Amino acid sequence: MTTFVEMLRNITPEVYASLKLALEIGKWPDGRRLTQEQKELCMQAMIGWELENVPEEERTGYMGAQNCKSEVKPIPNILFSTKSDTLH
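The shown structure was predicted, so the numbers you read here are calculated from the model rather than taken from an experiment. (Residues numbered from 1 in each chain as written. Predicted model: local features only at pLDDT ≥ 70, side-chain atom pairs only at ≥ 80, totals over all residues. Heavy atoms only, no water.)

Draft legend 1. Region of interest: the packing of helix α2 (residues 13-25) against helix α3 (residues 36-53). Contact pair α2 / α3: the axes reach a minimum separation of 10 Å and the direction vectors enclose 140°. Considering their axes alone, α2 and α3 lie oblique with respect to each other. Handedness of the α2/α3 crossing: left-handed. When α2 is examined against α3, the residues Pro 13, Tyr 16, Leu 19, Lys 20 and Leu 23 are found in contact with a partner set consisting of Lys 39, Cys 42, Met 43, Ala 45, Met 46, Trp 49 and Glu 50. (Axes fitted to C-alpha atoms, helices over the stretch in contact; angles between N-to-C directions. Helix = DSSP H or I, 4+ residues; strand = E, 2+ residues; numbered from the N terminus. Parallel < 35°, antiparallel > 145°, perpendicular 65-115°, else oblique. Left-handed = near helix turned anticlockwise from the far one by under 90°. Contact = heavy atoms within 4.5 Å.)

Draft legend 2. Summary view of the environment of Tyr 62. Mapped onto the secondary structure, Tyr 62 falls in the loop between α3 and α4 (69-72). With relative accessibility at 39%, the residue Tyr 62 sits in the partly exposed group. (Buried < 20%, exposed > 50% of the residue type's maximum accessible area, 1.4 Å probe, protein only.)

Draft legend 3. Just α3, in detail. In this model, α3 (18 residues) spans 26 Å end to end at C-alpha, consistent with the 26 Å of a helix rising 1.5 Å per residue. Turning to α3, its buried residues number three or more, namely Cys 42, Ala 45, Met 46, Gly 48, Trp 49 and Glu 50. As for α3, its buried residues are in contact with α1 (4-9) and α2. (Expected span 1.5 Å × (residues − 1).)

Geometric descriptors of this kind do not, in isolation, establish any biological role.
Quick look at the structure:
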């Protein structure tokens, strides 16, 4: 395998499940802890594999049409307010 994309194409659902479990528990099936680099590579592989094999709404990190709470209520602009109790 010469590229990351090529490697992703060769991941089976079983390998994907193994990577996901290893990332979730922080260990390989034999009990060895994942290094930070291994965690990052597992996450990249999972996300890349999901792009081609998992519906969008089931992918890692999917947020859907949810609104962030900060979008629901306006944030007041206290720096340029005309109230006398501001700091400007």
